[in-house]
Amino acid sequence: MQQPDPFISPTDGLEVSPNSLWRILELQTFARENRRRFASLSEREVEILTLICQGLTNEEIASKIFRSVNTVRTHRNNIWRQLEIKSVVEALRWGQAFDLV
């Protein structure tokens, strides 16, 4: 018996593995369920979350946006509180779900 193909081929010619498709659907569901909380962030907070997802430190972010490290920490703490984030891994999930990375 032939092994099933591990890839799904949509009509546009792209090949997507079932695991990749599952992750995409999971992120879409997460984004849909958390759209309001994400929308509550200010433009600056979204900018800082984007930079965090890119792997920048507080010091690097402060230098990039011309603010103090304390200001960046305050924004970061506000983001964590509003989105109930407990780790950078969780921040990355938000970044992926809302196309920040």
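Per chain, the residues get numbers from 1 upward, laid out in the order the sequence is written. Whole-chain, interface and lining totals are the exception, using all residues; otherwise, since this is a predicted model, local features are given only for residues with pLDDT of at least 70 and side-chain atom pairs are given and counted only at 80 or more. For the side-chain quantities, the full set of heavy atoms in the structure was used; hydrogens and water were omitted.

For the protein chain, the name recorded in an unreviewed UniProt entry is Response regulator transcription factor, with Neolewinella lacunae as its organism.

## Comments concerning the side chain of Asn34
Note on placement: Asn34 falls in helix H1 (residues 18-39). When its relative accessible area of 12% is taken as the criterion, Asn34 is described as buried. By definition, residues are in contact when any of their heavy atoms lie within 4.5 Å. Dropping the residues within four chain positions of it, Asn34 is found in contact with Trp94 and Phe98. Going along the chain from the N terminus, every DSSP run of H or I of four or more residues is numbered as a helix, and every run of E of two or more is numbered as a strand. The buried label goes to any residue with under 20% of its type's maximum accessible area, the exposed label to any with over 50%, and the partly exposed label to all in between, with areas taken from a 1.4 Å probe on protein chains only.

## Regarding a nonpolar patch on the surface
There is a patch of nonpolar side chains on the surface, built from Val88, Leu92 and Val101 and spanning about 230 Å² of accessible area. By relative accessible area, which is 40% here, Val88 ends up partly exposed. Like charges are joined within 9 Å and nonpolar side chains (Val, Leu, Ile, Met, Phe, Trp, Tyr) within 5 Å, but only among residues with over 30% relative accessible area and no salt bridge; these make up the patches. In this description, accessible areas are obtained by the Shrake-Rupley approach with a 1.4 Å probe, and a residue is regarded as covered only by the protein chains that are shown. A pair is scored as a salt bridge if a Lys or Arg side-chain nitrogen falls within 4 Å of a carboxyl oxygen belonging to Asp or Glu.

## Quick notes on unusual backbone geometry
Despite not being glycine, Phe66 shows a phi value in the positive range, around 60 degrees. Residue position: Phe66 is located in the loop between helix H3 (58-65) and helix H4 (69-83). Here the phi dihedral of Glu84 falls at roughly 55 degrees; this positive angle occurs in a residue that is not glycine. Inspection of the secondary structure assignment puts Glu84 in the loop between H4 and helix H5 (88-97). Among the residues examined, Glu84 registers a relative accessible area of 52% and is labelled exposed.

## Comments concerning the packing of aromatic side chains
The criterion for an aromatic pair is that two Phe, Tyr or Trp rings (for Trp, the six-membered ring) have centres within 6.5 Å, with stacked assigned to planes under 30 degrees apart, edge-to-face to planes over 60 apart and tilted to the rest. A full pass over the atoms with the stated rule returns three aromatic pairs. Summarising the aromatic geometry, the rings of Phe30 and Trp94 are spaced 4.9 Å apart at their centres and angled 75 degrees between planes, so their arrangement reads as edge-to-face. Taken together, the residues Phe30 in helix H1 and Trp94 in helix H5 connect sequence positions 64 residues apart. Here Phe30 falls in the buried class, since its relative accessible area comes to 11%. Consider the rings of Trp94 and Phe98, whose centres lie 5.8 Å apart with planes at 15 degrees: the pair is stacked. By the burial criterion, Trp94 is buried, and Phe98 matches it. Of the aromatic side chains, those joined through ring pairs into one cluster are Phe30, Phe38, Trp94 and Phe98.

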